[in-house]
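A closer look at the structure
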Amino acid sequence: MLEFIIKLHPEISIKSKSVRKRQTLLLERNIRTILKQLDEQVLVTNNFDHLTVSIESSCDSLRSQMIELLACIPGIVAFSQMQSLGFSDLHDIFLQVATVYQAQLSGKTFCVRVRRQGTHSFSSLEAERYIGGGLNQLVSSAKVQLKKPDITIKLEIKQDKFLLVTETFAGMGGFPLPSQSDVLSLISGGYDSAVASYFMIRKGLRTHYLFFNLGGAAHEAGVREIAFYLWQKYSLSHRVKFVSVDFAPMVAEILEKVDSGLMGVVLKRMMMRAASQVAASLDIKAIVTGESIGQVASQTITNLAAIDRVTETLILRPLIYQDKQEIIDIARKIGVEELARTMPEYCGVISKSPTVNAVLAEVEATEANCDPAVLAEVIASTKVLDIRTIEYQAEQQARTVATEEVLPTDAIVLDIRAPDEAEAKPLQLLSHQVLEIPFFRLATKFPELDQSKQYYCYCERGVMSRLQALLLQEMGFSNVAVYRP
């Protein structure tokens, strides 16, 4: 049996009893919803100050998948794997603990913490001293240290059984979804918007995605990949929407009718107008952007103030004080750095001398030259998708990409799954060569391959493989298709 104990994020633990109860119930429900995809019989128990998760199976691949999923559920600050064991006496407990921890304690400081329920011939303190002293004698290089030890050995003794924590893992922290309402995140495919979206998810906000398309089908396919990845990795427990707006007509209007130095500010104001209307139609009260002070000309205090004046909708900027390198580092940590790095830059409007101190009256005067009917038409053409249907949309968009169940003799398969996913369930084909290139590296690695060969992208569900095949075709490569066994 696989058993895990779930530790709540500290900010949940300090809430009032009613709020804490609501948050733990949400977390319990979210864990059950996500882990049921692995095993329908998963058992999630709510103990108010912590939760426990158990599945009857104990295979290594299932354990790896559980650890990966639990690490990405908002509201969990840490979780530990446990073993439930029987014992005859205190010395028997010591021997079993030693079997697990002897190798780990070499050269480390440690302490033993025991929680006990039931009738026994020893107290919790006596158990700690006996087990700790025995381990100290067994591992001569180890040292007992009660404050801030390298390793804390945790035991729960209940009647004739005891629970031994064997390994502890970090969670993502934050609040469970959707404890803090919904937001609409403006996602462009770059580092900033992806990281801003992640921060909102971590804060317990159900995060929907709004994409202003400036680069055609390839741009939208790439951004959908990032949005789909963020949803599948960090907010799989809840349905969210992916909203796409073809903003090219509005950009053309700005290029023709707006003063060069104000183009960037006017473009952002038009986007905020559109975003506010889309948010209102979805009953969402806040917009999220990846803007950071001073990163580009439109992100000075003066210009951001002018942009904000265009709408009464709350605009959240979680990255406002972050440096670019800090943002890239976070993008790498959450798994979107390489995918964002390969995304082409679609600036929309480029000014030789963009203003950093826009005067609101001048901005309003110059944008009055734009035909409001263009913005209205752009908003009217908005596409709203359930993000779960991106698989279907990718299939429709990539209908020109060949999909094969049986591979030609000389075909090479590209396993584009994430490394941990490929490791947990390797793709083994006796008759064909398989290259493991994660989807977020494919755009940069594919041009280095032998272009005289025919390649077939593979992933578990076929979503990423179709999107990646489409992107490679948009880049000019015709020797790529999809493998769907």
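Placed above this text is the structure.
Owing to the predicted nature of the structure, the values given are computational and were not obtained by experimental measurement.

It is worth spelling out helix H6 (residues 191–202) at this point. When the terminal C-alpha atoms of H6 are compared, their 17 Å separation across 12 residues agrees well with the 16 Å that a helix rising 1.5 Å per residue should span. H6 sits mainly inside the fold: 10 of its 12 residues count as buried. Of all the residues in H6, the buried ones are Tyr191, Asp192, Ser193, Ala194, Val195, Ala196, Ser197, Tyr198, Met200 and Ile201. Looking one or two residues past H6, Gly204 carries a phi angle of roughly 90 degrees, positive in sign.

Under the criterion given, the structure shown has 20 salt bridges. Members of the salt-bridge network, linked through shared partners, are Lys268, Glu291, Asp308 and Arg317.

Across the sheet, five strands lie side by side as S15-S19-S18-S16-S17; this open sheet has parallel pairing. Of all the strands in the sheet, just strand S15 (403–404) and strand S17 (433–436) have a single pairing partner and so form its edges.

This part covers the environment of Asn213. Residue placement: Asn213 occurs in strand S10 (residues 206–213). Through-space distance from the C-alpha of Asn213 to that of Val245 is 5.9 Å; in sequence the pair is 32 residues apart. Leave out the neighbours within four places in its chain, and Asn213 touches His219, Glu220, Val245, Asp246, Phe247 and Ala248.

Attention now goes to a negative patch on the surface. Taken together, the side chains of Asp420, Glu421, Glu423 and Glu436 define an acidic patch exposed on the protein surface. Tallying contributions element by element places helix H16 (residues 419–424) first for the negative patch, with three residues. Note that Glu436 resides in strand S17. Relative accessible area serves as the criterion here: at 54%, Glu436 is assigned to the exposed category.

Criteria and cut-off values
- Residues numbered from 1 in each chain as written.
- Predicted model: local features only at pLDDT ≥ 70, side-chain atom pairs only at ≥ 80, totals over all residues.
- Heavy atoms only, no water.
- Helix = DSSP H or I, 4+ residues; strand = E, 2+ residues; numbered from the N terminus.
- Expected span 1.5 Å × (residues − 1).
- Buried < 20%, exposed > 50% of the residue type's maximum accessible area, 1.4 Å probe, protein only.
- Salt bridge = Lys/Arg side-chain N within 4 Å of Asp/Glu carboxyl O.
- Pairing = 2+ DSSP bridges.
- Contact = heavy atoms within 4.5 Å.
- Patch = residues over 30% accessible without salt bridge, like charges linked within 9 Å, V, L, I, M, F, W, Y side chains within 5 Å.
- Areas by Shrake-Rupley, 256 points an atom, 1.4 Å probe, with all protein chains shown as cover.
- Lys, Arg positive; Asp, Glu negative; His and termini not counted.
- Charge placed at Lys NZ, Arg CZ, Asp CG, Glu CD.

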